[in-house]
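Listed here are the chains, written in short residue letters.
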Amino acid sequence: MAQIKSPEELEKIRQEVSTQRDPNRPCISICAGSSCLASGAGEVIAAFKAEIEKQGLKADVDTKAAGCPGLCEKAPIVVIYPQKICYVQVTPEDVPEIISQTVVGKKVIERLIYTDPNTGEKAAHEDEIPFFQKQMRLLIGDNMKIDPKSIEDYMAAGGYSALNKVMRDMSAEQVIEEVSKADLRGRSGSGFPAGFKWESCRKSKGDNTKYVICNCHEGDPGAFADRRLLEANPHLIVEGMIIGSYAIGACEAYIFVGDEFPQTVENARLAIEQAEKYGLLGKDILGSGFDLTMEVCIDGGGYVLGESTALMASMEGRIGEPRMKYDHGTDRGLWAKPTVLNNLQTWANVPLIINQGADSFAAIGTEKSKGTRIFSLSGKIKNTGMVEVPMGMTLREVIFDIGGGIPGDKKFKALQVGGPMGGFIPENLLDLHVDFEELNAAGLAMGPGLVVADEDTCIVDMVIYHLNFLANESCGKCTPCREGLKQMLRILNNITEGKGKESDIELLELISEVQQDAALCALGQGASGPLLSTLKHFRDEYEAHIKEKRCPGGVCKALIETLSETSA
Amino acid sequence: MDDSKIDLIIDKHHAEESALIKVLLDIQDEYGWLSPKALKRVSEKLEVPLARVQQTATFYKAFSLAPKGRHTIHVCNGTSCHLRGAQRVLDKVQELTGIKPGETDPDLKFRLEAVNCLGQCALGPVMEVDGKIYGKMSPKKAAEPLKKYE
Ligand SMILES: Cc1cc2nc3c(=O)[nH]c(=O)nc-3n(C[C@H](O)[C@H](O)[C@H](O)COP(=O)(O)O)c2cc1C
Ligand code: FES
């Protein structure tokens, strides 16, 4: 692979890669995302390769280990091109039949196609499956066509055309202007305007050495969208970060990610290596005079490391404790140099904005929240997976129309939005829209994970779960966070053990108030999110525990035992 | 323990103070844990006070100050797995192995950790042993996979 020296050369290579591929040539794409691999996709891939060899079809049929399309519930997923026939829960035993019936015989195997869990309707093609159909998959729609380990696949799907456009036609200022005009906002949930952040950093007088960081820490205990996206299409992030670094004037870029996800780390590292080999990273990128290095930085684990100052401290080799923010990161960030830190999904949107233009991006969504949002859906939901929806969709549509609702005959109880510092909402609030302002006003945050709880859930137990999590993660430096969480947990544990007092709720509210006002960092300030939202929306559950010594979800052991003793 | 690799790892990172976490991560990858001897060596070669090396090693979740055991069990206690009964699975695994999260058994066979979302929520509750995923766990089903490991 030769180093590319100019935008024209890159365009030529992109064209070559695309024309070498015959769109009508049969290709069996098997999801090799970590969910599918855990469900046996590795064996399925091997079986396809062996069977193709056995039937003498090697010259006519390709196989591809592709990136996750998001339907993890039905793993392993297989899509057969060019017909786009989608098979779900495929096993190695199904493989010979798929080859002879579908690839050679062009017939659909009814047994293997998707059946809608609610209507029983069957759908044979990728674009007919309601789960996909109801999404707006601008960022993840091509995942099944791309082997995350192949830069050529990414190019054939249109990848690096945005970088090309930027290097050929755009000044740094123009890139920032475009991102500002698109109104791209921070996907960590912050909603902070990315263009504004980039511009402050570009203009910072602090230093000429500037850094760019992608936050893929995703410490939320119940979310996996950011990591899955990086795993599925790492070049999308690399491209977004190269463009951003050019606009900001950064010379080094880092992807910050946990090492508990070896496949994510491996794919990201490989993507960087491939981009270096092609000359898309390194010195004098595409002959523009712009230099950039990129590196994956492994975090040492811990929720608080996702917070900007803790993250930077940890990258500097220090203890990852948050600091008071006296300066903006865009002036004094990593190693005290001007730094832009954006969430992984923020970076993912950059190539799209450049390719389609700010106006078409800003045409999607609500007045103040533009574009799409990628969530992981999990908990008690039929279609667990990764979904991409336009801003402005209601949470009800996401959970019921795309997610398929609750398994079994169980009733919906609560939706957790925004992770451990977000909150829980009941059914009547599901008509809230995916929109930064609307979710914030409801005491929620736009985190990457949506987790559904059904009627068998005890709300008090879920709050204890989250406060325990935060208490373990708290650095312990400030008293309101350290002691506040401990006392809240003591009171809540008493409540679940049948020792609750009526004054407890008031006391919990008081502690939360102090914590919000006086904690040092955002972790402590936000720690009461789950508690306050549930005291507001599920107060009756607390009261049932306290007054009736009853656990409505049937979870709290002590209360179930007392109940059976009294009724016996 | 053969600790010749410690120096190699430190040199790979040019014995730079700012590489402290990277050095510790690599040593941990190589040996499975951070021995007192390793911490001392890192402190000397990076010219960082031993107290700071220890502070770092205890702050980050990725580091273990006790030998890791031949096999590592991760029981996912992420939000989704928790909702699907992960706590009962974790209780059962504790009973089966006789250790709590963060501990290694005396025979150095298993180390147990309770972890956050493994991205396998569709299969929850999930248990992972040495990187292999065991899905749809229940207290009853937890014993079987563990028998495979020696
Ligand atoms: C306790 C805590 C944890 C956080 N964890 C993450 C995280 O895992 N990922 C992330 O992108 N941002 C996280 N953030 C927000 C970051 O500090 C920062 O605002 C964000 O990465 C900026 O990206 P954005 O402007 O693109 O949204 C966290 C903040 C706090 C207070
Ligand atoms: S919560 Fe256990 S795998 Fe996601």
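Not measured: the values here are computed from a predicted model. Residue positions are given per chain, counting from 1 as you read along its sequence in written order. Note on labels: chains are lettered from A, ligands numbered from 1, in written order. Side-chain atom pairs in this predicted model are given and counted only at pLDDT of 80 or more, local residue features only at pLDDT of at least 70, and totals for whole chains, interfaces and linings cover all residues. As a rule here, side-chain values cover all heavy atoms of the structure and leave hydrogens and water aside.

**A closer look at the packing of aromatic side chains**
Centre distance within 6.5 Å is the pairing criterion for rings of Phe, Tyr and Trp, where only the six-membered ring of Trp is used; planes under 30 degrees apart are then read as stacked, over 60 as edge-to-face, and the remainder as tilted. Under the criterion given, the structure shown has 13 aromatic pairs over all chains. When the centroid spacing of 6.3 Å and the interplanar angle of 90° are considered together, the rings of B:Tyr60 and B:Phe63 count as edge-to-face. Per residue, the accessibility class of B:Tyr60 equals that of B:Phe63, and both read buried. The residue whose ring lies beneath A:Arg227 is A:Phe261, and the NZ or CZ to ring-centre distance is 3.9 Å. Put simply, a charge is over a ring when the Lys NZ or the Arg CZ is close to the ring centre, within 6 Å, and near the line of the ring normal, within 35 degrees. The ring of B:Tyr134 has B:Lys132 lying over it, and the distance from NZ or CZ to the ring centre is 5.3 Å. To sort residues, take the accessible area from a 1.4 Å probe on protein chains only and compare it with the maximum for the residue type: under 20% means buried, over 50% means exposed, and anything in between is partly exposed.

**So, the domain arrangement of chain B**
Taken domain by domain, chain B consists of domain 1 (3–59) and domain 2 (71–147). As annotated, the domain borders come from an automatic or database domain assignment. Computed over C-alpha atoms only, the centres of domain 1 of chain B and domain 2 of chain B are separated by 29 Å.

**Observations concerning the packing of helix H11 (residues 234–248) of chain A against helix H12 (residues 262–277) of chain A**
Residues and elements named next belong to chain A. Direction vectors running N to C along H11 and H12 enclose 55°, while the axes themselves pass 9 Å from each other. Between H11 and H12, the angle is such that the two are oblique. The interaxial crossing formed by H11 with H12 has right-handed handedness. Residues Pro234, His235 and Val238 of H11 pack against Asn267, Ala268, Ala271, Ile272, Gln274 and Ala275 of H12. Note on definitions: angles span 0 to 180 degrees between N-to-C directions of axes, and those axes are lines fitted to C-alpha atoms, for helices only across the stretch in contact. Numbering goes from the N terminus for both helices and strands, where a helix is a DSSP run of H or I of at least four residues and a strand is a run of E of at least two. Throughout, the term roughly parallel applies to angles under 35 degrees, roughly antiparallel to angles over 145, roughly perpendicular to angles from 65 to 115, and oblique to all others. Here is the rule for handedness: rotate from the far helix to the near one, and if that takes an anticlockwise turn smaller than a right angle the crossing is left-handed, while a clockwise turn gives right-handed. Only heavy atoms enter the contact rule, under which two residues are in contact if any of them lie within 4.5 Å.

**With respect to the interface of chain B and chain A**
Accessible area lost when the parts come together is the quantity often used to give the size of an interface. On the chain A side, the residues contacting the 28 residues of chain B number 45 residues. Here the buried area means the combined drop in accessible surface, using a 1.4 Å probe, for two parts upon being joined, counting both sides. Carbon and sulfur atoms supply 57% of the area that chain B and chain A bury against each other, a total of about 2900 Å² over both sides. Salt bridges are defined by distance alone: a side-chain nitrogen of Lys or Arg within 4 Å of a carboxyl oxygen of Asp or Glu. Counting every contact that joins chain B to chain A gives two salt bridges. In this structure, B:Lys22 engages A:Glu295 in a salt bridge whose closest nitrogen and oxygen atoms are separated by 3.5 Å. Distance and chemistry together define a polar contact, namely a pair of N or O atoms within 3.5 Å, with one atom able to donate a hydrogen and the other to accept it when in protein, and with adjacent residues in sequence counting only for side-chain atoms on both sides. Applying the counting rule to chain B against chain A returns 22 residue pairs in polar contact (both at pLDDT 80 or more). The set of elements that each furnish at least two residues to the side of chain B that touches chain A consists of helix H2 (20–31), helix H4 (50–59) and helix H5 (79–83) of chain B. Classes in brief: Ala, Val, Leu, Ile, Met, Phe, Trp, Tyr, Cys and Pro nonpolar; Asp, Glu, Lys and Arg charged; the others, Gly included, polar. In terms of residue class, the side of chain B that touches chain A is made up of 13 nonpolar, eleven polar and four charged.

**Concerning helix H6 (residues 86–97) of chain B**
Two residues of an α-helix separated by three or four positions point the same way, owing to the 3.6 residues in each turn. All names here are of chain B. For H6, spanning twelve residues, the distance from its first C-alpha to its last is 16 Å, which sits close to the expected 16 Å at 1.5 Å a residue. Among all positions of H6, only Ala86, Val89, Leu90, Val93 and Thr97 are buried. The arc that holds every buried residue of H6, seen down its axis, measures 100°, which confines them to one face. H6 presents Arg88 and Glu95 as exposed residues on the side facing more than 90 degrees away from its buried surface. Next to the buried residues of H6 lie strand S1 (71–76), H5, strand S2 (110–115), strand S3 (127–129) and helix H7 (143–147). To estimate how far a helix should extend, the number of its residues minus one is multiplied by 1.5 Å. Working note: the arc is built from the helix axis to C-beta atom directions.

**Brief notes about the packing of helix H19 (residues 459–473) of chain A against helix H20 (residues 479–496) of chain A**
To characterise two packed helices, one gives the angle between the axes of the helices and the distance between these axes. Residue and element names in this part refer to chain A. Here H19 crosses H20 at 155°, and the two axes come no closer than 10 Å. Comparing the axis directions of H19 and H20 gives the class roughly antiparallel. Relative to H20, the crossing made by H19 is left-handed. Residues Val460, Val463, Ile464, Leu467, Asn468, Leu470 and Ala471 of H19 form the contact with H20, whose participating residues are Leu485, Met488, Leu489, Leu492, Asn493 and Thr496. Here the contact of H19 with H20 is built from residues that sort into ten nonpolar, three polar and no charged.

**Notes on the domain arrangement of chain A**
Residues and elements named next belong to chain A. Split into domains, chain A comes out as domain 1 (23–134), domain 2 (159–362), domain 3 (372–454) and domain 4 (459–567). Facing the 19 residues of domain 2 at the interface are 19 residues of domain 3. Summing both partners gives a buried area of about 1500 Å² for domain 2 against domain 3, and 60% of it is carried by carbon and sulfur. For domain 2, the biggest contributors to the area lost against domain 3 are Arg185, Arg187 and Phe224; these three give 31% of the whole. At the junction of domain 2 and domain 3, the tally comes to one salt bridge.

**With respect to the environment of A:Cys475**
Residue and element names in this part refer to chain A. Position of Cys475 relative to the elements: it lies in the loop between H19 and H20. A relative accessible area of 32% means that Cys475 is categorised as partly exposed. Remark: the alpha-carbon pair of Cys475 and Pro322, spanning 153 residues in sequence, is separated by 8.5 Å. Not counting residues up to four positions away in its chain, the partners in contact with Cys475 are Glu321 and Pro322.

**Some points on the sheet that holds strand S4 (residues 85–87) of chain A**
Residues and elements named next belong to chain A. Strands are treated as partners if at least two bridges between them are detected by DSSP. As summarised here, the arrangement of the four strands in space is S2-S1-S3-S4, forming an open sheet in which the pairing is mixed. Unpaired on one side and paired on the other, strand S2 (62–66) and S4 mark the two borders of the sheet. The mean inter-strand angle of the sheet, taken between neighbouring strand axes irrespective of direction, is 20°. Pairing of strand S1 (residues 27–31) with strand S3 (residues 78–81), which is carried by four bridges, proceeds in the antiparallel orientation. The partner of Ser29 across the bridge, within S3, is Val79. On the sheet, helix H3 (residues 41–54) packs against S1, S2 and S3 and is oriented at approximately 165° with respect to S1.

**Section: empty space enclosed by the protein**
In this analysis a 1.4 Å probe is tested at points of a 1 Å grid over the protein atoms alone, and where it fits but cannot get out there is a cavity; an open set with protein on both sides within 12 Å along at least five of seven lines is a pocket; lining residues have an atom within 4 Å of a point. Grid points are joined across faces, edges and corners, and a volume is the space filled by probe spheres set on the points. One pass over the full model with this rule turns up three cavities of 30 Å³ or more. Looking at the largest cavity, its volume works out to about 100 Å³. What lines the largest cavity is a set of 13 residues, among which A:Cys475, A:Cys478, A:Cys481, A:Leu520 and A:Cys521 lie closest to the centre. In terms of residue class, the lining of the largest cavity is made up of nine nonpolar, three polar and one charged. Size it by volume and the second largest cavity reaches roughly 60 Å³. Residue assignment for the lining of the second largest cavity shows that the elements contributing at least two residues are strand S9 (293–299) and helix H13 (308–315) of chain A together with H2 of chain B. Counted by class, the lining of the second largest cavity contains four nonpolar, three polar and one charged residues.

**Structural notes on the nonpolar core**
Residues and elements named next belong to chain A. Membership of the largest hydrophobic core comes to 173 residues, with the highest contact counts inside it found for Tyr160, Trp198 and Leu280. If you tally residues by element for this core, the top one is H11, at nine residues. Beyond its immediate stretch of four places on either side in the chain, Trp198 contacts Val175, Ile176, Val179, Gly244, Ala247, Ile248, Val340, Asn342, Trp347 and Val350. For this analysis, a nonpolar core means a set of buried residues of the types Ala, Val, Leu, Ile, Met, Phe, Trp, Tyr and Cys, connected via side-chain atoms within 4.5 Å. Listed in part, the 40 residues of the second largest apolar core include Tyr303, Leu485, Ile505 and Leu531.

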